[in-house]
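What follows is the residue order along each chain.
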Amino acid sequence: MDRQLLVGGERVETGEWLDVVSPYSGQPVGRVAKGGAAETEQALDGAAAALAAPLPAHRRAELLTAVASLLAERQDEAAHLVCAEAGKPMKAARVEAARAVSTFTFAAVAARTLAGEMVPMDASVAGEGKLAFTLRVPVGVVGAISPFNFPLNLVAHKVAPALAAGCPVVLKPASATPLSAFFLAGLVEEAGAPAGWLNVVAGSASEIGDVFVADDRVRLITFTGSGDVGWKLATRAARKRVKLELGNATPVIVDADADPAAAAAKLAPNAYSFAGQSCISVQRVYVVGSAYDPFVEHLVAATEELRVGDPADEDTDVGPVIDAKARERVLAWIAESGGKVLTGGNTTDDGVIRPTVIAGPDPRSKVECEEVFGPVCTVTRVTSLDEAIERANGTRYGLQAAIFTESTRSALAAAKRLEFGGVLVNEAPTFRADQMPYGGVKASGNTKEGPAWAIRELTEERLVVLPF
Ligand code: NAP
């Protein structure tokens, strides 16, 4: 499967290729043309031309609805592609494909409902005799950078709200998993997007990123990925809007009154689904008092029931991490955690890390302080809800967190005091519906995605004042 770059409506080859391999078997899956600064500039020419010929909201909404329909028809194909290039088990890949349909559907709604506000002018003496309102105008061309772990739906979260807002996009997909982005771009073209509205340039991250930073035509950079890369981009592009969706070291509190079996049943799949390579994968669980022993027993049992192996097998729950380097790093972090490995901690014969539960890790260990991005979950006994909240907050990250409790008072106390962009109650912190406002605080980012929220970031308010 060869894919050319999509630049200003043209398919472009560069003479160089990026090979895409299966993270499970190492076998080739396809290749994409490798672009750099020159192709990015050409893509920006195409995007700038598209911006000069704006599409009305109803056409943007129709386009997005048409993409949702095409994707719904080809969900199975999309899921197989995600599975092949990312090593994501088919169960999870199917969920991702269905969610991408939802993302386009909600973006179409956002396009149709985008509106400014009336300003109550005669509320002051100065405003008497005036009528004022705001228009929501597209910010301009968007440079979008996406990560490897949701190669379809996170590309959808970049592309769909931007098109809804009337912003042409130059997308740089992750080098490990670019094929889903090209698949989606094909559907956007098929749905009738004029040339230049969506451009896809795979290739050298630093070259493409440098153009996004330096070229004044890029008015907003939307980035999902690791904090190291994201915050540097924000510093370097200080005069642009740089919207960051970054990592987490996701905590969960299981309070003393929670149902330990129900909590474990929710948390085990969400610690290991896609081998923990979700930014909101369950990573650190703090269990209060007497709930600890039964919870750990249920968690280990539920973890050991998960099927580990070939992601293409429809029964597989847990597949490989993205590459050998990631595998070695995760195994090293397990080895140096300072806790007791209750299950897992090693690999299967085909090199897949077994789902791993670590009890009582060193609070300064990497599995407690950093984002593991692997199939690892720690459990720690604490003596009170206060201590649990303090431990959960003891991280530079702040994306999503969760609490399991029967008490409304405890749930609301946690919602108030957990320093995260989202707090889930009696649900895994990995839960996300695509219309939700989703995004982190602290080191986890500076924005919210979910089309109705993203479209606000992608538009500017222009004030209009006239005599009245
Ligand atoms: P990554 O290594 O930071 O890469 C993300 C994207 O940035 C890729 O397209 C990458 O290109 C590109 N990139 C790398 N260096 C760059 C540079 N100097 N300038 C511009 N772009 C550059 O992250 P990842 O490993 O793909 O994804 C995992 C991370 O994403 C985790 O931290 C995870 O928590 C986070 N994430 C966050 C969310 C969220 O919504 N908050 C969702 C999913 C993932 P190459 O692939 O070519 O290197």
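Everything here concerns the structure above.
Attention in this report is confined to the structure presented alongside it. Computed from a predicted structure; not experimentally measured.

**A look at empty space enclosed by the protein**
Link 1 in the chain: Under the counting rule described, the total for this entry stands at 2 cavities of 30 Å³ or more.
Link 2 in the chain: Estimates place the volume of the largest cavity at around 100 Å³.
Link 3 in the chain: Within the residue set of the lining of the largest cavity, elements represented by two or more residues are helix 5 (153-165), strand 11 (218-224) and helix 15 (451-457).
Link 4 in the chain: Of the residues in the lining of the largest cavity, the class split is 3 nonpolar, 3 polar and 5 charged.
Link 5 in the chain: The space that makes up the second largest cavity amounts to roughly 60 Å³.
Link 6 in the chain: Its residues assigned to classes, the lining of the second largest cavity shows 5 nonpolar, 7 polar and 1 charged.

**Some words on helix 10 (residues 292-304)**
Link 1 in the chain: End to end, helix 10 covers 18 Å across 13 residues, agreeing with the expected 18 Å (1.5 Å per residue, within 8%).
Link 2 in the chain: The complete set of buried residues in helix 10 reads Y292, F295, V296, L299, V300, A302 and T303. Take helix 10 and look down its axis: the buried residues cluster within an arc of 165 degrees, on one side only. For helix 10, the exposed residues set more than 90 degrees away from the buried face come down to E297 and E304.
Link 3 in the chain: Looking at the buried residues of helix 10, the elements they touch are strand 13 (251-254), helix 9 (260-272), strand 14 (284-288), strand 15 (340-343), strand 16 (356-359) and strand 17 (376-382).

**What to know about the sheet that holds strand 19 (residues 422-425)**
Link 1 in the chain: Read from one edge of the open sheet, 7 strands run 15-16-17-14-13-18-19, paired in mixed fashion. Where the open sheet ends on each side, the last strands, each with one partner, are strand 15 and strand 19. The mean angle between the axes of side-by-side strands here comes to 25 degrees, regardless of whether they run parallel or antiparallel.
Link 2 in the chain: The pairing of strand 15 with strand 16 spans 3 bridges and is antiparallel. Looking at the pairing, T343 lines up with V357 of strand 16.

**Overview of the sheet that holds strand 7 (residues 130-138)**
Link 1 in the chain: Taken in spatial order, the 3 strands line up as 6-7-20 in an open sheet, and their pairing is antiparallel. Both edges of this open sheet fall to strand 6 (118-119) and strand 20 (459-467), since each of them pairs with a single strand only.
Link 2 in the chain: Alignment of strand 7 against strand 20, held across 9 bridges, turns out to be antiparallel. Across the sheet, the residue bridging to L135 is R462, located in strand 20.

**Things to note about the pattern of salt bridges**
Link 1 in the chain: Inspection of every chain in the model, using the stated rule, returns 26 salt bridges.
Link 2 in the chain: R236 serves as the salt-bridge partner of D210, at 2.6 Å between the closest nitrogen and oxygen. Placement of D210 in helix 7 (residues 205-214) and of R236 in helix 8 (residues 227-236) is noted, with a sequence separation of 26 residues between them.
Link 3 in the chain: Overall, the relative accessible area of 46% leaves R236 in the partly exposed class.
Link 4 in the chain: Residue K442 is joined to E419 by a salt bridge in which the shortest nitrogen-to-oxygen separation is 3.4 Å. In this pair, K442 sits in the loop between strand 19 and helix 15 while E419 sits in the loop between helix 14 (408-417) and strand 19, placing the two residues 23 residues apart along the sequence.
Link 5 in the chain: By sharing partners, the salt bridges in this structure join E41, D45, D215 and R217 into a single network.

**Quick word on the site of the ligand**
Link 1 in the chain: Near the ligand there are 26 residues, and of these S146, S175, S226, L246 and E371 occur at the shortest range.
Link 2 in the chain: Of the pockets mapped on this structure, the ligand occupies the largest pocket.
Link 3 in the chain: Those elements that provide at least two residues to the shell around the ligand are helix 7 and strand 11.
Link 4 in the chain: A per-class count over the shell around the ligand returns 14 nonpolar, 9 polar and 3 charged.

Quick notes on the rules
Residues numbered from 1 in each chain as written. Predicted model: local features only at pLDDT ≥ 70, side-chain atom pairs only at ≥ 80, totals over all residues. Heavy atoms only, no water. 1 Å grid on protein atoms, 1.4 Å probe; cavity = no way out; pocket = protein on both sides within 12 Å on 5 of 7 lines; lining within 4 Å. Points joined across faces, edges and corners; volume = space filled by probe spheres on them. Helix = DSSP H or I, 4+ residues; strand = E, 2+ residues; numbered from the N terminus. Nonpolar A, V, L, I, M, F, W, Y, C, P; charged D, E, K, R; others polar. Expected span 1.5 Å × (residues − 1). Buried < 20%, exposed > 50% of the residue type's maximum accessible area, 1.4 Å probe, protein only. Arc of directions from axis to C-beta. Contact = heavy atoms within 4.5 Å. Pairing = 2+ DSSP bridges. Axes fitted to C-alpha atoms, helices over the stretch in contact; angles between N-to-C directions. Salt bridge = Lys/Arg side-chain N within 4 Å of Asp/Glu carboxyl O. Near = heavy atom within 4 Å. Sits in = over half its atoms within 2 Å of the grid points.

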